Amino acid sequence: MTLMSAAEDAPLGIFGGTFDPVHVGHLRTGYELMRALRLAELRWIPVGNPGHRDPPLASAELRLEMLRVAIAGQPGFVLDDREISHSRVSYTIDTLSELRGEYPQRSLCLLLGMDAFASFTSWHRWQEIFAVAHVVVAHRPGWQAPTTGPLAALLAEHGVADVAELHARRAGCVHVRKVTPLEISSTDLRELLVSGGDLRFLVPEPVRSIILESECYALAHERTQTRP
Ligand code: ATP
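Residues numbered from 1 in each chain as written. Predicted model: local features only at pLDDT ≥ 70, side-chain atom pairs only at ≥ 80, totals over all residues. Heavy atoms only, no water.

**Overview of the nonpolar core**
To keep it simple, the criterion reads: For our purposes a nonpolar core is just a set of buried Ala, Val, Leu, Ile, Met, Phe, Trp, Tyr and Cys residues, chained together by side-chain atoms within 4.5 Å. Under the scheme applied here, a residue whose accessible area is under 20% of the maximum for its type counts as buried, over 50% as exposed, and between as partly exposed, the area being computed with a 1.4 Å probe on protein chains only. In DSSP terms, a helix is any run of H or I states spanning at least four residues, a strand is any run of E spanning at least two, and both are numbered starting from the N terminus. Here, two residues are considered to be in contact whenever any of their heavy atoms come within 4.5 Å of each other.
If you look at the biggest cluster of nonpolar residues, it comprises 35 residues, and the most contacted ones within it are Val22, Leu37, Leu42, Trp44, Met66 and Leu111. Looking at this core, the elements with two or more residues in it are helix H2 (24–36), strand E2 (41–46), helix H3 (60–71), strand E4 (108–113), strand E5 (134–138), helix H8 (163–168) and helix H10 (205–214). A per-element tally of this core places H3 first, with four residues. If we ignore the near neighbours within four places in the chain, the residues touching leucine 111 are Ile14, Phe15, Leu33, Leu37, Leu39, Leu42 and Val136. Among the nonpolar cores identified, the runner-up in size contains 24 residues, and Ile45, Ile93, Val135 and Val137 belong to it.

Structure representation (structure tokens):
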């Protein structure tokens with residue numbers, strides 16, 4: 001393609017997660033942020049080997065497949081399997097640096113929920129992330145924006161209220177955004193399955209079908225039983 005449209009200059013969104021499984025809290029948040037930030041595209045990047053937490057219960061292939069069917073048909077939503085396709089621990093800084101290499105001039109916006117932002121300073125080389133991307137934090141029920149410590153300082157120094165700033169610069173800003181509050185987590189959904197519940201209307205129907213057919217969360221029962 002030789003012609004550059006305005007959309008090709010607009011920021012690229014990156015939404016990473018374990019997505020074990022993907023649910024409407026992820027999807028609606030991604031959709032609202034994509035519109036509010038006027039993103040050209042939103043990359044959904046399931047983590048391969050998360051390193052810092054319990055391994056996901058569903059296999060990488062199934063989590064990828066669930067995401068694929070969940071975002072199918074939504075313009076601008078793009079599945080990116082770069083973290084799943086290698087076996088080493090996935091670090092966000094490496095993924096963002098790779099994307100920066102592919103898109104040297106473009107604004108990159110890393111999307112996070114407030115819970116993920118709350119633990120941001122424990123992320124591998126977290127300070128370097130701001131040299132490569134903006135960080136956009138979505139409100140999440142049960143979580144408040146930090147008011148003390150390094151994250152509060154970060155918000156004071158790099159916080160921007162205006163979306164135009166995320167377009168004008170390639171990286172370095174923090175933008176906090178309200179989205180429709182949906183009190184749903186993958187953990188709750190796995191526990192709901194263990195207790196015999198049904199995920200209808202909490203995940204897209206094709207995702208629910210994959211979970212039912214594969215029984216990929218049958219093991220969630222064992223993990224709940226062995227938890228200290
Ligand atoms: P788990 O319960 O297994 O930790 P999760 O529901 O938090 O899973 P993740 O895949 O860990 O989902 O999250 C990926 C990203 O999506 C994170 O940045 C997280 O903060 C965000 N996120 C997840 N659920 C919501 C929600 N309901 N509203 C807003 N953001 C969310």
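This is not the end of the story, as more comes after the structure.
**Side note on the sheet that holds E5**
In sheet architecture, strand pairing relies on hydrogen bonds along the backbone and comes in two forms, parallel and antiparallel. Operational definition: The criterion for strand pairing is that DSSP finds at least two bridges linking the strands in question. To obtain each axis, a line is fitted to C-alpha atoms, and for helices this fit is confined to the stretch in contact; angles are then taken between N-to-C directions over 0 to 180 degrees.
Sheet architecture is open: six strands sit in the order E3-E2-E1-E4-E5-E6, paired in parallel fashion. Either end of the sheet is taken by a strand with one partner, and the two such strands are strand E3 (77–79) and strand E6 (174–177). The mean angle between the axes of side-by-side strands here comes to 25°, regardless of whether they run parallel or antiparallel. In this structure, strand E1 (residues 12–17) lies alongside E4, joined through four bridges in parallel fashion. Looking at the pairing, glycine 13 lines up with cysteine 109 of E4. Against the sheet, H2 contacts E1, E2, E3, E4, E5 and E6, and its axis sits at roughly 150° relative to E2. Lying over the sheet, helix H4 (residues 92–102) contacts E1, E2 and E4, oriented at roughly 155° with respect to E4.

**Structural notes on the site of the ligand**
Keep this limit in mind: A single heavy atom is enough: if one lies within 4 Å of a molecule or strand, its residue is considered near that molecule or strand. For this analysis, a polar contact is any N or O atom pair within 3.5 Å, provided that within protein one partner can donate a hydrogen and the other can accept it, and provided that sequence-adjacent residues contribute only side-chain to side-chain pairs. Three classes are used, and their members are as follows: Ala, Val, Leu, Ile, Met, Phe, Trp, Tyr, Cys and Pro are nonpolar, Asp, Glu, Lys and Arg are charged, and the others, Gly among them, are polar.
Near the ligand you find 21 residues, and of these His26, Asp115, Leu182, Ser186 and Thr187 are the closest. At 2.5 Å, a side-chain N or O of aspartate 115 approaches an oxygen atom of the ligand. Leucine 182 is positioned such that a nitrogen or oxygen atom in its backbone is 2.9 Å from a nitrogen atom of the ligand. Secondary structure elements with two or more residues in the shell around the ligand: E1, H2, E4, helix H5 (114–118) and helix H9 (186–194). Looking at side-chain class alone, the shell around the ligand contains six nonpolar, eleven polar and four charged residues.

**Section: the pairing of E5**
Counted residue by residue, E5 has five buried out of five residues, so it is predominantly covered. Side chains of E5 alternate between two faces, with His134, Val136 and Ala138 and Val135 and Val137 buried alike. For E4 and E5, the ladder comprises five bridges, and the chain directions are parallel. Following the sheet pairing, leucine 112 is matched in E5 by valine 137.

**Quick notes on empty space enclosed by the protein**
The following threshold applies: As defined here, a cavity is a set of points on a 1 Å grid over the protein atoms alone where a 1.4 Å probe fits but cannot get out. A pocket is an open set with protein on both sides within 12 Å along at least five of seven lines, and residues line them when an atom is within 4 Å of a point. Grid points are joined across faces, edges and corners, and a volume is the space filled by probe spheres set on the points.
For the structure shown, the criterion picks out one cavity of 30 Å³ or more. Looking at the largest cavity, the residues that line it are Arg82, Glu83, His86, Arg88, Val89, Ser90, Tyr91, Asp94, Thr95 and Glu98. Here the residues of the lining of the largest cavity sort into two nonpolar, three polar and five charged.

**Re the side chain of arginine 63**
With respect to the secondary-structure elements, arginine 63 resides in helix H3. Excluding its chain neighbours within four sequence positions, the residues that come into contact with arginine 63 are Thr18, Phe19, Asp20, Pro46, Val47, Gly48, Pro56, Ala58 and Ile84.

**Quick look at the packing of aromatic side chains**
Applicable threshold: In summary, the pairing rule links any two rings of Phe, Tyr or Trp, Trp by its six-membered ring, whose centres are within 6.5 Å, and it sorts them by plane angle into stacked for under 30 degrees, edge-to-face for over 60 and tilted for everything else.
For the structure on display, the rule yields eight aromatic pairs. Judged by centre distance (5.0 Å) and plane angle (40°), the ring pair of phenylalanine 15 and tryptophan 44 falls under tilted. Residue phenylalanine 15 is located in strand E1, and its partner tryptophan 44 is located in strand E2; the two are separated by 29 residues in the primary sequence. Taking 5.8 Å as the distance between ring centres and 55° as the angle between the ring planes, the aromatic pair formed by phenylalanine 19 and tryptophan 44 counts as tilted.

**Description of the environment of phenylalanine 15**
Classification of phenylalanine 15 by relative accessible area gives buried; the value is 7%. Separated by 182 residues in sequence, phenylalanine 15 and glycine 197 place their C-alpha atoms 28 Å apart. Residues in contact with phenylalanine 15, not counting those within four places in the same chain, are His26, Thr29, Gly30, Leu42, Arg43, Trp44, Ile45 and Leu111.

**Considerations on the state of the cysteines**
Here is the rule we go by: Cysteine sulfur pairs qualify as disulfides if the two atoms are within 2.5 Å.
Applying the stated rule across the entire model yields zero disulfides. Just so you know, cysteine 109 is unpaired, no disulfide at all, and the nearest cysteine sulfur is the one on cysteine 173, 8.7 Å from it.

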